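Structure assessment
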12 protein chains.
Amino acid sequence: MSKPIYIINGPNLNLLGTREPEIYGSQTLTDIEDMCREAARTHGFKIEFSQSNIEGELVDKIQEAGEKGAAIIINPAAFTHTSIALYDAIKAVDVHCIEVHLSQPAARESFRRRSFVSEASQGTISGFGVKSYLLGLQAAIDLLKA
Amino acid sequence: MSKPIYIINGPNLNLLGTREPEIYGSQTLTDIEDMCREAARTHGFKIEFSQSNIEGELVDKIQEAGEKGAAIIINPAAFTHTSIALYDAIKAVDVHCIEVHLSQPAARESFRRRSFVSEASQGTISGFGVKSYLLGLQAAIDLLKA
Amino acid sequence: MSKPIYIINGPNLNLLGTREPEIYGSQTLTDIEDMCREAARTHGFKIEFSQSNIEGELVDKIQEAGEKGAAIIINPAAFTHTSIALYDAIKAVDVHCIEVHLSQPAARESFRRRSFVSEASQGTISGFGVKSYLLGLQAAIDLLKA
Amino acid sequence: MSKPIYIINGPNLNLLGTREPEIYGSQTLTDIEDMCREAARTHGFKIEFSQSNIEGELVDKIQEAGEKGAAIIINPAAFTHTSIALYDAIKAVDVHCIEVHLSQPAARESFRRRSFVSEASQGTISGFGVKSYLLGLQAAIDLLKA
Amino acid sequence: MSKPIYIINGPNLNLLGTREPEIYGSQTLTDIEDMCREAARTHGFKIEFSQSNIEGELVDKIQEAGEKGAAIIINPAAFTHTSIALYDAIKAVDVHCIEVHLSQPAARESFRRRSFVSEASQGTISGFGVKSYLLGLQAAIDLLKA
Amino acid sequence: MSKPIYIINGPNLNLLGTREPEIYGSQTLTDIEDMCREAARTHGFKIEFSQSNIEGELVDKIQEAGEKGAAIIINPAAFTHTSIALYDAIKAVDVHCIEVHLSQPAARESFRRRSFVSEASQGTISGFGVKSYLLGLQAAIDLLKA
Amino acid sequence: MSKPIYIINGPNLNLLGTREPEIYGSQTLTDIEDMCREAARTHGFKIEFSQSNIEGELVDKIQEAGEKGAAIIINPAAFTHTSIALYDAIKAVDVHCIEVHLSQPAARESFRRRSFVSEASQGTISGFGVKSYLLGLQAAIDLLKA
Amino acid sequence: MSKPIYIINGPNLNLLGTREPEIYGSQTLTDIEDMCREAARTHGFKIEFSQSNIEGELVDKIQEAGEKGAAIIINPAAFTHTSIALYDAIKAVDVHCIEVHLSQPAARESFRRRSFVSEASQGTISGFGVKSYLLGLQAAIDLLKA
Amino acid sequence: MSKPIYIINGPNLNLLGTREPEIYGSQTLTDIEDMCREAARTHGFKIEFSQSNIEGELVDKIQEAGEKGAAIIINPAAFTHTSIALYDAIKAVDVHCIEVHLSQPAARESFRRRSFVSEASQGTISGFGVKSYLLGLQAAIDLLKA
Amino acid sequence: MSKPIYIINGPNLNLLGTREPEIYGSQTLTDIEDMCREAARTHGFKIEFSQSNIEGELVDKIQEAGEKGAAIIINPAAFTHTSIALYDAIKAVDVHCIEVHLSQPAARESFRRRSFVSEASQGTISGFGVKSYLLGLQAAIDLLKA
Amino acid sequence: MSKPIYIINGPNLNLLGTREPEIYGSQTLTDIEDMCREAARTHGFKIEFSQSNIEGELVDKIQEAGEKGAAIIINPAAFTHTSIALYDAIKAVDVHCIEVHLSQPAARESFRRRSFVSEASQGTISGFGVKSYLLGLQAAIDLLKA
Amino acid sequence: MSKPIYIINGPNLNLLGTREPEIYGSQTLTDIEDMCREAARTHGFKIEFSQSNIEGELVDKIQEAGEKGAAIIINPAAFTHTSIALYDAIKAVDVHCIEVHLSQPAARESFRRRSFVSEASQGTISGFGVKSYLLGLQAAIDLLKA
């Protein structure tokens, strides 16, 4: 299977490992990328890993994934709760989209209770730290193999 | 009259023709650009046509139009409902601004009921597919000729 | 094409030209009727023009239009925001229905933000003064010719 | 018993049989009138059957029923959710008032969840198509015979 | 002064004297008309007294008063809380408009707390039974003599 | 027809006849059972009558009715307003479900305005005391015979 | 009749005549006191006139009026919208209480829409400037003479 | 490791395979139990699998798991959105608790947007059908091995 | 006096002493039972002490207390905020019902602000740990002796 | 123990015994003071008893109690629901604060559902008439002796 | 310049230095007064410094400042969020009014998000501890010198 | 001290001096930059001044400031009210962050009442035009020198 799985990361995730480690853990985004790349390879998949602080660039990536990717794993971070543009982009593409979160947003500030991305995605995995990515990857691969 | 009419398109509209055609129709954004350019020409107007998935670039375009354009026609797409930055930009420029939508947002998800862009614009045209642009163009030209 | 386009006007629009001209302009409803009739004629259409302050009479007119008309253009005025009966009537008839407003309701009192009529109509045109009617008429004719 | 049971119908019910038959069934309002008249006769009752799209005429009918009728069966249709005038009229008369609906409003648009008419009526029957009227009639007769 | 003061009464007020007398008192609307006419005459004024259960007819009366009347006293009853059409009509005419209520709406059901008519009127008098009309009349005359 | 009609009663209904008789009447649940059994027999139907104060047991009964019953008549009492589990159970079974209430919930405390059970049921009958059951039974039999 | 009518004024009303005269007029609180005293005298009544910026002193005055006064006329100003203590005090005394306002609160900021004082008072008069006091005085005297 | 992983299922999940298969798939709860047991065995774990329609029995199971179990995987179904008792139980026990859902609740009825169980749980996995359980199991095992 | 005072405990209270001791203290429910039994005995009263995690069993207990008990002391725990069934049960019985809480719910999560049980009970005591029970017992005994 | 327990009473409580005795009972505040003083003495405590209609004086008293008192018992009356100043004062002092109410606020007007004072206090006792004070006193003494 | 700058402090600020020092710091209100007086003197200004726990006395001070002061610096503390009387007072006077806070209210309890005082004031400075006063003073002096 | 203070400006602020000067004044953003640079220099500080209309670029700048800056002064303009991404970025960096506004947002449209940036920042200064920046700069320097 030649199309890569897109793993798309939202705002401030580039800070991982330094930012509020009691919530987000001490691994960096590069650590996560490495773990995902390795895990995907064991199942015969490639990944396309990216991060942006700009909502529109995430929209671009989702659109690119819709064309060139096999599936999307997205950690929309703060845009989870505010972005109808991400909602529209996910609805507009024809590949599976899986939402992941390092933390459990529902257990934090009340403004994190609503997720526009959940309303558009196939499934959601949250609260397992970097394992959320690996579980999301496995879910994507399961869906692709089904 | 030498200043062009700016036609500014928001996130995901670059996908037109492929995305959810039962809602948005099968014509592409380039088709719309061509139709608008032609329609404008018959009235002696030029258009400046753009699209961006990035809210801030739309703000830039509105500001540019405020300086170099005769009027603005904007389809803010998902930003319609979330962007106070667009609201502020439209309020800040001194040219007519007309909001257009391909679909009828009020008849869709409840989060599409409030439009910050409507609250700042001269007028709104929604629900007529690509004709919404042509009607918006005509409205702009009527205003400019008045 | 022999069926007329119904242009239906809601409460207080009979006062046009005298009432709050800074919002609604100085032309009377008869001026609008004349302009619409003339514009329709140039496209080979007749219009059936009416106004009522009574919600139920507007429901009657919509029903009549559903039977004898080619399309509906409605300015529901104050009933825009309160009438589920108009919503039901528009849903119940099988002709295109286009909502028009002289002003931009979203930019006025907050109780004007929700439009039940938008939720039932094909499209909406607002904010262009009497031109809103002419644009609505053109939209209707475009739909009928499509 | 000489006073008739008033059966009062609200806006758009005159369209029954043509309007959204998947929700409202294919029988006309005249069919309903005939069925009710026949059912009432078998219990020795007369009915007074009316329909109006005008809220105030429904208020008039309720008042008339308060004076000349034995009971009221009302299908307030769209006014169910918006009319305090009907609420006041029902509260003001001294006969039993039963609210009926062809469909199940609570299962439709969220704006149909509140019924002012329920808050003023003796009882409510909804969701059984034209049988809602016959059940309402039977309920009224039971109350009158009690 | 030859123009009459319009006293306009909303839905169900024709039942006064019979309806819920513990709230509204035992005097009829004709009693109120007589008292107002007499009180007006002592100050050299005529009154034009009307009642309707139909919102649109109340709009008509307000418009008529705007043209032929000196001032408006309105008891909008149930429409107080639901009618933007009355709000628009009152805003559209150029004579003083005074809202009166027999009872104290704020002390009753919670849906009676918002008054669209108050938001458009010069002043409001509520809670004094039929005296509310006489006080309203006096207020109107004071304004006219000022 | 061999399958019984299930009549399922929610919390506190076992107290009927003693609890707040001014709202619920003086007949006991056994009286209701007897009346329903007799009424069903005259139409050639059996009933399966039960009551529980435990939400989950009501879910069990609805599921049992879905398998072994011809239809469901349910008075969910307090669970009407709080139970998504009942909503899900009713949605999950393939027999008609009719909601009945002795009183008129909409006319009582404001927390009784929303019914999750109405949102899932075929129809609702409320406000007629024990007659609500008999009307519900007749509605069920009409549906089964249709 | 020997007990005085209490006229009680809330916060900032001591500034009358200087504060926002386009809303409140140019007469001072002493002018109002003089006018009220004179008007009361012509009907054989005395008044007890006071003002305080302290909510608790207004509560004291209401209690004093309950013991030594014939009736209360209160302009609660800002406390109208926030004071349950005034609500409780008015409920606790056994004399008529009439709420007056110089302006029409419902037509101003949205936080002025709810009046706790209206919910406890006999009646309300608002929007007539200083005449609101005179009308309130007349209403009180009418009630006392009834 | 000798303590079992508790897999706890809420109301109506016993119907799996028959109920709304377009949302929940065609596998039965026993199928899920078998798959989970097998998957656990491959990692050297036992499972304790249960289902109940009764909220309090689910509370019992969570407490039992807190004492005798290694971790909890819970699909709270309808109680997700209404049960503070489950929230309290999860908070009260000292083992990891993982919430799973077959469907994506956020994309369904609006009353499914809030999850009390998410607010108390370690993590959530939703939208992957029966795979949600397997991913949850893997997450639990990862946590136990960490 | 031979009838016992019922002390009824809601979900998760069986965990007392182990669960979140910083909120609920370190005494077990049996400790509380012993203390209450002893305290009651000194006043010549017996107690009937129970706990259940099942809402419907609490309803059963309340009903039993209504028949066989002298008074009710209830700690409804999580059901405080969600159970209309408890509200109805308390309203339906004719003995004093006193609500107790170990902690101060108003000072915790915002979803603990509304208590349906308070709306139906005679009185409430919260925030004193196990002393809340003893104070509640004393209040009950005072009421019974009055 | 030499520091007194402060018993602080809010607005309108000076009227006790005359005001709405069906809600508040017929004993005066002096009766309550005497009962509390006597009860305290039996446990070897003094009380400092005060009442004010002025929110700021209650703040003063709370501050004084923080310095010179052993504990606070407060009946904040109407300020319960509106005073963040009391909330701040209670938070700022280092002695136990117990909220008491004669009636059960949750069972009265809906604006009495939120208590800012509960959110800051140790515990609350409501609904037992004057016994609420004695129970509060006992709770305070228990806390002081602990 | 001879008129002093009024620095007005709201409820509980007299406790500064003792109350919740982790939020408010350890300096007393007298320390703040001294720092402000010194800072003002270096710019040639006097200050009039006051504190009250009584809302109405703060209104008095604002009015006094309107007459005798050059500007107002106000820390309204708890009244920030509840006092329309302060709002009205600030609107009523003709001098600059600057709102200061030691802490950052928006980052604390949700009931501190709305500031009525901000809606009436020229500007706001919050979150800098005692420096908020000095910055406010500087802002006032800048405005006075402009 | 070698690290610069970052002054970060949000959308549309590049228009300063031309846009709605009655709200924002006539100075340009370059004027503000010059004033700030000069003011910083007098205290021995450098500034890093930037503006962007793109939310993600502001996130980038905040992150850069977290690494290379001494403090942040941010005028988030329209993003104040909508950006959780800015909230997260500010929370993620370890330098003081001060929010400034030229105008007083709370006194403008109601959608400007909530500030996500305030909820994450150290302090806020608003309403003083370009002086807000200078006061913010001084606050930052005070914090850095403390």
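Coordinates for the structure precede this section.
Residues numbered from 1 in each chain as written. Chains lettered and ligands numbered in written order. Predicted model: local features only at pLDDT ≥ 70, side-chain atom pairs only at ≥ 80, totals over all residues. Heavy atoms only, no water.

1. Digging into a negative patch on the surface
Our working rule: Exposure above 30% relative accessible area and the absence of a salt bridge qualify a residue for a patch, where like charges join within 9 Å and nonpolar side chains (Val, Leu, Ile, Met, Phe, Trp, Tyr) within 5 Å. The Shrake-Rupley method, run with a 1.4 Å probe sphere, supplies the accessible areas, and residue values consider only the shown protein chains as cover. The salt bridge criterion pairs a side-chain nitrogen of Lys or Arg with a carboxyl oxygen of Asp or Glu, the two atoms within 4 Å. Positive charges are assigned to Lys and Arg, negative charges to Asp and Glu, while His and the chain termini are left out of the count. Note that the charge is assigned to NZ on lysines, CZ on arginines, CG on aspartates and CD on glutamates. Here a strand is any run of E in DSSP of at least two residues, a helix any run of H or I of at least four, and the numbering for each starts at the N terminus.
Together, Glu57 and Asp60 of chain A, Glu57 and Asp60 of chain B together with Glu57 and Asp60 of chain L line one region of the surface with negative charge. Counting only elements with at least two residues in the negative patch, the list comes to helix 3 (55-68) of chain A, helix 3 (55-68) of chain B together with helix 3 (55-68) of chain L. On the secondary structure map, Glu57 of chain L appears in helix 3.

2. A look at the pairing of strand 4 (residues 96-101) of chain G
Residues and elements named next belong to chain G. The condition is simple: Any residue under 20% of the maximum accessible area for its type is buried, any over 50% is exposed, and the rest in between are partly exposed; the area is computed with a 1.4 Å probe on protein chains only. Note: two strands are recorded as paired if DSSP finds a minimum of 2 bridges between them. The handedness of a crossover follows from its direction of travel: if, with the strands pointing away from the viewer, the path from the first strand over the helix to the second runs clockwise, the crossover is right-handed.
Of all six residues making up strand 4, five are buried, and the element is well covered by its neighbours. Bridge count for strand 3 (residues 71-75) against strand 4 is four bridges, and the pairing is parallel. Across the sheet, Ile72 pairs through a bridge with Cys97, a residue of strand 4. Handedness of the β-α-β unit built from strand 3, helix 4 (residues 84-92) and strand 4 comes out right-handed.

3. Focus: the sheet that holds strand 3 (residues 71-75) of chain I
What counts here: For helices, the fitted line uses only the C-alpha atoms of the stretch in contact; every axis is such a line through C-alpha atoms, and the angle between N-to-C directions lies from 0 to 180 degrees. When checking whether two residues touch, look at their non-hydrogen atoms; a contact exists if any pair is within 4.5 Å.
Read from one edge to the other, the open sheet built from 10 strands follows the order 2(I)-1(I)-3(I)-4(I)-5(I)-5(J)-4(J)-3(J)-1(J)-2(J), with strand pairing classed as mixed. Edge positions in the sheet fall to strand 2 (47-51) of chain I together with strand 2 (47-51) of chain J, since each has one partner strand and no second. With strand direction ignored, the average angle separating the axes of adjacent strands in the sheet is 20 degrees. Against the sheet, helix 2 (residues 29-42) of chain J contacts strand 1 (5-9) and strand 2 of chain J, and its axis sits at roughly 165 degrees relative to strand 2 of chain J.

4. Structural notes on the interface of chain E and chain C
How large an interface is tends to be reported as the accessible area lost when its parts come together. Rules: Buried area, as used here, totals the accessible surface that two parts lose on assembly, with accessibility defined by a 1.4 Å probe and the loss added over both. Polar contacts, as counted here, are pairs of nitrogen or oxygen atoms within 3.5 Å of one another; within protein the pair requires one atom able to donate a hydrogen and one able to accept it, and residues that are adjacent in sequence qualify only if both atoms are side-chain atoms. Side-chain classes follow a simple rule in which Ala, Val, Leu, Ile, Met, Phe, Trp, Tyr, Cys and Pro form the nonpolar group, Asp, Glu, Lys and Arg form the charged group, and the remainder, Gly included, forms the polar group.
Facing the 18 residues of chain E at the interface are 16 residues of chain C. Note on chain E versus chain C: buried area summed over both sides is about 1300 Å², and carbon and sulfur give 58% of it. A per-residue breakdown of the area chain E buries against chain C is headed by Gln63, Ile84 and Asp88 of chain E, which together make up 38% of the total. Taken together, chain E and chain C are joined by one salt bridge. Measuring nitrogen to oxygen at the nearest pair gives 2.8 Å for the salt bridge that ties Arg112 of chain C to Asp88 of chain E. At the boundary of chain E and chain C, one finds six residue pairs in polar contact (both at pLDDT 80 or more). Going through the elements one at a time, helix 3 (55-68), helix 4 (84-92) and helix 5 (116-120) of chain E are the ones with two or more residues in the side of chain E that touches chain C. In terms of residues, the side of chain E that touches chain C owes the most to one element, helix 4 of chain E, which gives seven residues. Counted by class, the side of chain E that touches chain C contains eight nonpolar, three polar and seven charged residues.

5. A few points about the pattern of salt bridges
In total, this model carries 113 salt bridges over all chains according to the counting rule given. Where Glu64 of chain I meets Lys61 of chain I, a salt bridge forms, and the shortest distance between an N and an O atom there is 3.5 Å. Of this pair, Glu64 of chain I and Lys61 of chain I both sit in helix 3 (residues 55-68), separated by three residues, roughly a single helical turn. Exposure remark for Glu64 of chain I: the relative accessible area of 25% places this residue in the partly exposed category. On the accessibility criterion, Lys61 of chain I (18% relative accessible area) is buried. As a salt-bridge pair, Arg113 of chain J and Glu119 of chain I come within 3.2 Å of each other at their nearest N and O atoms.

6. Digging into the interface of chain D and chain F
With 22 residues of chain D in contact, the opposing surface of chain F contributes 23 residues. Taken over both partners, the interface formed by chain D and chain F buries close to 1900 Å², and the fraction arising from carbon and sulfur atoms is 54%. Counting the contacts that link chain D with chain F gives four salt bridges. For Lys131 of chain F, the salt bridge is made with Asp142 of chain D, and the minimal N-O distance between the two is 3.8 Å. Applying the counting criterion to the chain D and chain F interface returns 11 residue pairs in polar contact (both at pLDDT 80 or more). Elements represented by at least two residues in the side of chain D that touches chain F include exactly helix 5 (116-120), strand 5 (123-126) and helix 6 (131-145) of chain D. Here the element with the most residues in the side of chain D that touches chain F is helix 6 of chain D; it accounts for six residues. Per-class residue counts for the side of chain D that touches chain F are eight nonpolar, nine polar and five charged. Two elements, strand 5 of chain D and strand 5 (residues 123-126) of chain F, share three bridges in a ladder whose sense is antiparallel. Across the sheet, the residue bridging to Ser126 of chain D is Thr124 of chain F, located in strand 5 of chain F.

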